[in-house]
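A closer look at the structure
One letter stands for each residue in the lines below.
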Amino acid sequence: MMITVKLTVNGKLRQVHVEPRLTLLEVLREELLLTGTKEGCGVGECGTCVVLHDGEPVTSCLVLAGDADGAEIETIEGLAEDGELTAVQRAFVKTGALQCGFCTPAMVLTTTALFRKNDQPAIEDVKNALGGVLCRCGVYPKLLEAVTEIKGANP
Amino acid sequence: MKRLLKFDYYEPASLEDAVRILAAADGGASVLAGGTDLVVDMKTGRLQPSTVVNLKGIPKLAGIDAADDATRIGALTRVTEVELSELVQSRHPALAQAASILASPPVRGLATIGGNVGRASPASDLGPALIVHDARVAIIGTEGAREELVEKLYVAPGVTSLAQSDIITHFTLPLQPPGFGSAYVKLGKRGSGTDIALAGVAASVLADGDGEIVDCRIALASLGPTPFRAVGTETLLRSKRATQALLATAAENASHEAMPIDDMRASAFYREKLARVLTDRALRGALASAGVEVAA
Amino acid sequence: MTGYVGNRIPRVDSAAKVTGAAIYGVDVALAGMLHGAVLRSPYPRARIVSIDTSAAAAAPGVQTVVTGRDFSLLFGGVIKDQSILAIDEVRYAGEPVVAVSATTEHEAQEALSLIRVEYEELPAVLDMRAALANDAPLVHPDLHTYNRRPGDYIVPHTNINTIYRHERGDVEAGFARSDYVFEGEYTAHALSHAALEVHVAIAQYDSVTGGYTVWVSSERPFILRDQLAPGLGVEPSRIRMIAAEVGGTFGGKGIPIAEAIAAGLARHSGGRPVRVEFTREEDLVASQTRVPAILKLKTGINRDGFMVARSAEVLWDSGAYTAYTVDVSIRGAQTIIGPYRIPNLSLLSRQVYTNKPVTGSFRGFGTTQVTWACETHMDEITTEMGLDPVAFRLQNGYEEGDPYINGQILHGINLTDTIKRAATEIGWGSVERKPAPHLRRGKGIAAMIKPSKTPSSANVVINLGQDGRAAVVCAAPEIGAGQRTVIAQIAADSIGIRIEDVSVPDADTAITPYNSPVASSRTTYHMGNAVLEAGTKVQAELVALAGRYLEVDPDELEVRDGGIFDLDGEHQITVKGLLSKYSKEGYWITASARYSSAGSPLLKADPGEEWISSIFWMLCTHAAEVEVDVETGVIRVVKIAAAADVGKAINPLTVEQQIEGGVVMGVSNALFESFSYRDGRVENGNFADYKLATIHDIPEIVPIIVESVHDEAPFGAKGVGEPANAATPPAIGNAIFDAVGIRIRDLPITPEKVLEALEEKAAADVSKLKPPL
Ligand SMILES: Cc1cc2nc3c(=O)[nH]c(=O)nc-3n(C[C@H](O)[C@H](O)[C@H](O)COP(=O)(O)OP(=O)(O)OC[C@H]3O[C@@H](n4cnc5c(N)ncnc54)[C@H](O)[C@@H]3O)c2cc1C
Ligand code: FES
Ligand code: FES
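Keep in mind it's a predicted model, so treat the numbers as computed, not measured.

What follows is about the overall build of chain C. Tallying secondary structure elements over chain C gives 19 helices and 30 strands in all. Whereas a compact globule of 773 residues would reach a radius of gyration of roughly 28 Å, chain C reaches 27 Å, a difference of no more than 12%. For the C-alpha atoms alone, the extent of chain C along its principal axes is close to 105 × 75 × 55 Å. A burial count over chain C gives 67% of its 773 residues as buried. If you sum the accessible surface of chain C, you get close to 25,700 Å²; carbon and sulfur atoms cover 50% of it. Positive and negative charge centroids in chain C, built from 70 and 96 side chains respectively, lie 2 Å apart.

Bringing the pattern of salt bridges into the picture now. Residues and elements named next belong to chain B. Counting across every chain of the model gives 80 salt bridges over all chains. Among the salt bridges present, the one from Arg46 reaches Asp41, with a minimum N-O distance of 2.7 Å. Among the residues examined, Asp41 registers a relative accessible area of 6% and is labelled buried. Of the charged contacts in the structure, one is a salt bridge between Asp215 and Arg238, with a shortest N-O distance of 2.8 Å.

Let's shift gears to the domain arrangement of chain C. By convention, interface size is frequently given as the accessible area that disappears when the constituent parts associate. All names here are of chain C. Examined at the domain level, chain C breaks down into domain 1 (14-21 + 456-596), domain 2 (32-124 + 194-287) and domain 3 (388-445 + 616-773). Distance between the C-alpha centres of domain 2 and domain 3: 38 Å. Listed per partner, the contact involves 11 residues of domain 2 and 12 residues of domain 3. When domain 2 packs against domain 3, close to 850 Å² is buried across both sides, 76% of that on carbon and sulfur atoms. Its largest share of buried area at the contact with domain 3, domain 2 owes to Ala194, Leu284 and Val285, together 45% of the area lost on that side.

With that settled, the discussion passes to the domain arrangement of chain B. All names here are of chain B. Assigned domains within chain B: domain 1 (8-54), domain 2 (64-174) and domain 3 (180-289). Taken together, the contacts link 15 residues of domain 1 with 16 residues of domain 2. With both chains or domains summed, domain 1 and domain 2 bury close to 1,200 Å², and 66% of this area falls on carbon and sulfur atoms. Area buried by domain 1 at its contact with domain 2 is led by Leu15, Val19 and Thr36, which between them contribute 35% of it. Counting every contact that joins domain 1 to domain 2 gives one salt bridge. With its nearest N and O atoms 3.2 Å apart, the salt bridge here joins Asp41 to Arg119. On the surface where domain 1 and domain 2 come into contact, there are three residue pairs in polar contact (both at pLDDT 80 or more).

Residues and elements named next belong to chain C. By secondary structure assignment, the location of Thr322 is in the loop between strand E15 (307-319) and helix H9 (325-333). For Thr322, a relative accessible area of 0% corresponds to the buried category. Within the structure, Thr322 has its side chain in polar contact with the side chain of Asp81 (distance 2.7 Å). Once residues within four sequence positions are removed from consideration, Thr322 is found in contact with Ile79, Asp81, Asn161, Gln351, Tyr353 and Thr359.

All names here are of chain A. In space, the five strands of this open sheet follow the order E2-E1-E5-E3-E4, with mixed pairing throughout. The sheet terminates laterally at strand E2 (12-18) and strand E4 (56-59), the two strands that pair on one side only. The average angle at which neighbouring strand axes cross in this sheet is 40°, direction not considered. Examined bridge by bridge, strand E3 (residues 50-53) and strand E5 (residues 72-74) share two bridges and lie antiparallel to one another. From the neighbouring strand, Leu52 faces E5, where its bridge partner is Glu74.

Turning our attention to helix H5 (residues 140-153) of chain A. Look at H5(A): 20 Å from first C-alpha to last across 14 residues, which is about the 20 Å you get at 1.5 Å a residue. Contact partners of the buried residues in H5(A): helix H2 (87-95), helix H3 (104-117) and helix H4 (123-130) of chain A together with helix H16 (652-671) and strand E30 (700-707) of chain C.

This part covers the nonpolar core. Core analysis: the biggest nonpolar cluster contains 285 residues, and Ile336(C) and Ile732(C) have the highest contact counts within it. When residues in this core are grouped by element, the largest group, nine residues, is from helix H12 (residues 268-290) of chain B. Residues within four places of Ile732(C) in sequence aside, it is in contact with Ala624(C), Val626(C), Ile635(C), Val637(C), Ile640(C), Val667(C), Ala670(C), Leu671(C) and Ile749(C). The next biggest cluster of nonpolar side chains, apart from the first, holds 57 residues, and it includes Val246(C), Ile495(C), Ala530(C) and Leu578(C).

Attention now moves to helix H11 (residues 389-396) of chain C. Given 3.6 residues to a turn, an α-helix orients residues that are three or four positions apart in the same direction. Residues and elements named next belong to chain C. Along H11, the positions that sit buried rather than exposed are Pro389, Val390, Phe392, Arg393 and Asn396. Axial view of H11: buried residues confined to an arc of 165°, hence all on one face. For H11, the elements touching its buried residues are strand E14 (293-301), E15, helix H10 (367-385), helix H12 (415-426), strand E18 (439-451) and helix H18 (728-740).

Time to look at the site of ligand 1. Near ligand 1, the surroundings consist of 35 residues, among which Gly34(B), Thr36(B), Asp37(B), Leu38(B) and Thr112(B) are the closest. Mapping the residues near ligand 1 onto chains gives chains A and B. Here Asp37(B) contributes a side-chain N or O atom positioned 2.6 Å from an oxygen atom of ligand 1. In isolation ligand 1 exposes 970 Å². Once the protein is present, 93% of that is buried. Elements that contribute at least two residues to the shell around ligand 1 include exactly strand E2 (29-32), helix H7 (113-119) and strand E10 (167-174) of chain B. A per-element tally of the shell around ligand 1 places H7(B) first, with five residues. By residue class, the composition of the shell around ligand 1 is 17 nonpolar, 11 polar and seven charged.

Residue and element names in this part refer to chain C. Within the structure shown, the criterion is met by 14 aromatic pairs over all chains. Ring centres of Tyr525 and Phe616 lie 4.7 Å apart, and the angle between their planes is 40°; on these two criteria the pair is classed as tilted. Of this pair, Tyr525 sits in helix H14 (residues 523-550) while Phe616 is found in the loop between strand E25 (589-596) and strand E26 (617-629), placing the two residues 91 residues apart along the sequence. Phe616 carries the same exposure label as Tyr525, and that label is buried. Grouped by ring-pair contacts, the aromatic residues Tyr398, Tyr404 and Trp617 constitute a single cluster.

It is worth spelling out the sheet that holds E2(B) at this point. All names here are of chain B. The sheet built from three strands is open, its strands ordered E1-E3-E2 with parallel pairing. Each end of this open sheet is capped by a strand with a single partner; those strands are strand E1 (8-10) and E2. Neighbour to neighbour, the strand axes of the sheet diverge by 20° on average, direction disregarded. Note that E1 and strand E3 (residues 51-54) share three bridges and pair parallel. The residue bridging Asp8 from the neighbouring strand is Thr51, located in E3.

Moving on, we get to the packing of H3(A) against H4(A). Residues and elements named next belong to chain A. As a packed pair, H3 and H4 sit with axes 10 Å apart at the nearest point and diverge in direction by 135°. Taken together, the axes of H3 and H4 are oblique relative to one another. In this structure, H3 meets H4 at a crossing whose hand is right-handed. Across the interface between the two elements, Met107, Thr110, Thr111 and Leu114 of H3 pack against Asp125, Val126, Ala129 and Leu130 of H4. When the residues that make up the contact of H3 with H4 are grouped by side-chain class, the tally is five nonpolar, two polar and one charged.

A few words now on the environment of Thr86(A). All names here are of chain A. Topologically, Thr86 is positioned in the loop between E5 and H2. Note on Thr86: relative accessible area 23%, which makes it partly exposed. Through-space distance from the C-alpha of Thr86 to that of Ala97 is 14 Å; in sequence the pair is 11 residues apart. Not counting the four nearest positions on each side in its chain, Thr86 is found in contact with Leu79 and Ala80.

Facing the 47 residues of chain A at the interface are 50 residues of chain C. When the two sides are added together, the surface that chain A and chain C hide from each other amounts to roughly 3,800 Å², 60% of it contributed by carbon and sulfur. Our enumeration of links across chain A and chain C arrives at seven salt bridges. Among the ionic pairs, Lys38(A) bridges to Asp27(C), the shortest N-O distance being 2.4 Å.

Cut-offs used in this document
- Residues numbered from 1 in each chain as written.
- Chains lettered and ligands numbered in written order.
- Predicted model: local features only at pLDDT ≥ 70, side-chain atom pairs only at ≥ 80, totals over all residues.
- Heavy atoms only, no water.
- Helix = DSSP H or I, 4+ residues; strand = E, 2+ residues; numbered from the N terminus.
- Rg over C-alpha atoms; globule rule 2.2 N^0.38 Å.
- Buried < 20%, exposed > 50% of the residue type's maximum accessible area, 1.4 Å probe, protein only.
- Areas by Shrake-Rupley, 256 points an atom, 1.4 Å probe, with all protein chains shown as cover.
- Lys, Arg positive; Asp, Glu negative; His and termini not counted.
- Charge placed at Lys NZ, Arg CZ, Asp CG, Glu CD.
- Salt bridge = Lys/Arg side-chain N within 4 Å of Asp/Glu carboxyl O.
- Domains from an automatic or database assignment.
- Contact = heavy atoms within 4.5 Å.
- Buried area = accessible area lost by both parts, 1.4 Å probe.
- Polar contact = N/O pair within 3.5 Å; in protein donor to acceptor, adjacent residues only side chain to side chain.
- Pairing = 2+ DSSP bridges.
- Axes fitted to C-alpha atoms, helices over the stretch in contact; angles between N-to-C directions.
- Expected span 1.5 Å × (residues − 1).
- Core = buried A, V, L, I, M, F, W, Y, C linked by side-chain atoms within 4.5 Å.
- Arc of directions from axis to C-beta.
- Near = heavy atom within 4 Å.
- Nonpolar A, V, L, I, M, F, W, Y, C, P; charged D, E, K, R; others polar.
- Phe/Tyr/Trp six-rings, centres within 6.5 Å; stacked < 30°, edge-to-face > 60°.
- Parallel < 35°, antiparallel > 145°, perpendicular 65-115°, else oblique.
- Left-handed = near helix turned anticlockwise from the far one by under 90°.

Here's what the structure looks like:
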């Protein structure tokens, strides 16, 4: 059985014809070749696969393709425009909120979603928001610095 | 990466169609809500349905509505929405608290309240919170619609009394009189918040003007095969004034009512200790939310 | 030479990583690529009676199905004891038995369910102590026949694959002279590296040349190549390893794991590339883990607080195959006196095979286990003797010029300042004991010492192109620790160009010259030295060329910021401008350099014991403040002050990242992570039950950079990556003792253990209060 899924990815309307057993993560990485979104566990525990679904961070490894029909998806590839990094991305670079970088797409997207709602999040809001994304390299302290940096840039 | 096996996929537009597809499917059929349990269960091999029926094309299954005498929460309401709903926070604090510590934000943004009950995990956070609010679950199936108390739905770990073609449509939580309060607390492996409960306790109390406990509910997570009520402890508390000593006795009693097991997450020994501490903390939370001070 | 070195330079790999452009091992895709899947043993030990692959071979999309029969050769790190797929016997639950390649990963995984394997279960050795018993079943009865590094470190016809002793002074006389003797036993558990990028490899076989090309995610492309070659029966140079971006390794991606299966499948897949990506479960259960260890320590000490003698018995569990662990156990055990002067030592270290998953190198290479034991033991000594843990460490701690256990004179070390500064930062000596009725706080401290792989070498080639941009060609994959940035900083400064004009391409064993692994915290020091030399040569050639072109004395020119200046600081010409004058003939400047620590006078030691010397020593001290919930046993780490003697920080930003990341990992290792086994099978092969620390779980972390002066180090820089996580667990354990008076000696420190110990203590305290009858 095949299904047709129409979704908007990074502002572009895309259509894929896939087996319903594919997850959104597989559609993004393998059908649309947007490999910036990574898998860390496949079962919702690590948050590495986070994308923004109608603006909200979700674990794309748990979303079936059919569920993505009609959705508005943002991936890491969609943030910078013409090579111009966003304020969140710039803060990550400046404060060193990345090491191996494998969790970075999810961290950047989650932070972006947080700041769209609240440009002066309290530390607890930050921890709550980022609590679902693991970083084995341990960039958490630098992430908090990055958030302070972004807050400073959004007075 | 771990890949899913093949299945047929449907997105019916009405409950009737959904029930019909579920009833007709052989080889196992599953309802898909948020998928945060179902997709995991399919990846680990716990479930291998040949038919998956996505409910999200059916209107009116999501949303929180305030009636005068009850709150209605649609089965497809996301856990995030339950967590952030001011209505739920004020009317049913234990449920809002449980929702706020269920999994992590990107999972909560997918997970639904119906799926949490449908999965019937012994570690369910929303189950105990619904139980202490006397929540009823509304179901539609081949025989039509019916309703029952949430606590009556659970049969065994991962098993409900739902038939393959039964669909949870919504929950009804009666509005409580003044003097009511509730709370949910849990402890997970990392101690810090959102992990699967090693143990969890929901409590609700109804107190009169003098601070006497008129009625109460205590429901436990990960302390038995399903979420269940510590009925003996409730009895012990009823018609008494909340004192430190009473809370200590109740907590102790709840730890005896718990039916913890040893598993890779924790020992029965430790879970029993947690049952005591968490019952104490949940009761204090419920009393505080009812505006009752614990006497010395 | 000024500019980048020593400054907080944003990482050069940042932009690619924040935009999703970086290509990791898991992202590499080739045309015509097949996908592999692996059927694994469900038993810890069993004889393979029969394998029926016929249905799988006929399944849709399947290209090939291979079993142990197809690969008779053995490979391994020190002892060649492992095959690509199990031959006749499986030795751990999770061992690869059959592999399939198919057009899609879906098809490959589905085909696995069609394979029938009949096993005859055999008694398994699941406990390292049991492995020592005379009648224990032998995991490798043929151990004595295996190809291996020469030496008498194995004990044939036993499960002991590594035995090592070290004696210094006279330990018995030392104990006899001691006023007090303390003994303790400690255990360190298996840990997963749990890099967020799982193990992955894509291999292609060329039937004409008989060679392989393998795209990998690894910190050690050359080691991987050299280790895999015997398993495939080819010369190492016949395997070309191309490293992509690495999504974390922590020592876990240096031996053939997915690479072996991918290459094996590729050998039989008609020339098509085969990609093998582990699932998270495979990664947790069947890649490799830290080597668990049981450590028994005995220490003699004088009334005046000087340690006199230590004897130690260490037992390590390598699991079913040795991989890197012969060296892990030896190198780890050698640090058994910690960073302290103890003149008399007797060490017995043994490592056994068991029917458990394979273990290997893990950030710290054996020192994390030893540090846990030593520093917990130190705290027991200070508690019993009523000494101050900080003063005691300062009194006994190594100082510049002290001899190490082999007589090597320690050079370029500054333990003292790490102890002092960590203690000051944590506010040693004061603590708010009881912030709430159910909470108790305490503070603890722990120090450690770590050598770096010695001898080892690093080679580099720098190509300065006509456009004034330099490529630093070397096999030092960026594993997250900032390798690329540090190399680029040193290259930019030594050549005199801007860092934006420096690239550090991916490692490729067919192109990049040899480098020992990106491991042992050795890259900054070793590759740094090589790059410094090569860059200096490039600059010299540039200056000479500029002198010829400008017709001035080259000695009167200098290069910086991509320009050529005279001694008055007047800009003469850009590097790019200069080189472009020669564009017709084509002018590239290429320089190479090699750094090797072999033969350094710093390695001098007692005769026959030079091999124990390290080219540099890393020291660090962590001080912790914790809060114990006495009702639930839950530990909250409030703060960690982590001071590391790094020599000199080439880039304080990346050094801080290493220290902070190490602490995060240390907290996670100490409190949350552990494997749970049932009948020899790991039952928590997922992140739901193998827990890593989240942002909720981390304390306030204060990284403290301590400097020292090392004569051979590039700009004085040593290493920092490994020590960072070792001292955190014992600092936490010691702080818990300070808070509530309970001693946890076996990791991890779970709430359950804490609560149990608190109850035992309460019972003991009550019985102490009872009057004697
Ligand atoms: C990383 C992670 C962490 C988690 N942590 C927690 C936690 O801390 N606490 C907790 O309680 N849970 C936790 N869960 C489990 C899960 O997220 C919740 O149970 C969630 O509420 C399930 O909802 P869902 O909509 O995703 O259900 P689904 O996966 O869609 O469905 C779950 C089950 O219920 C059935 N079902 C769904 N909707 C209906 C319906 N309307 N009528 C009948 N049957 C239905 C499905 O067929 C399926 O069998 C976690 C899950 C993940 C992946
Ligand atoms: S990969 Fe989706 S949460 Fe881990
Ligand atoms: S930077 Fe490596 S996992 Fe986060």
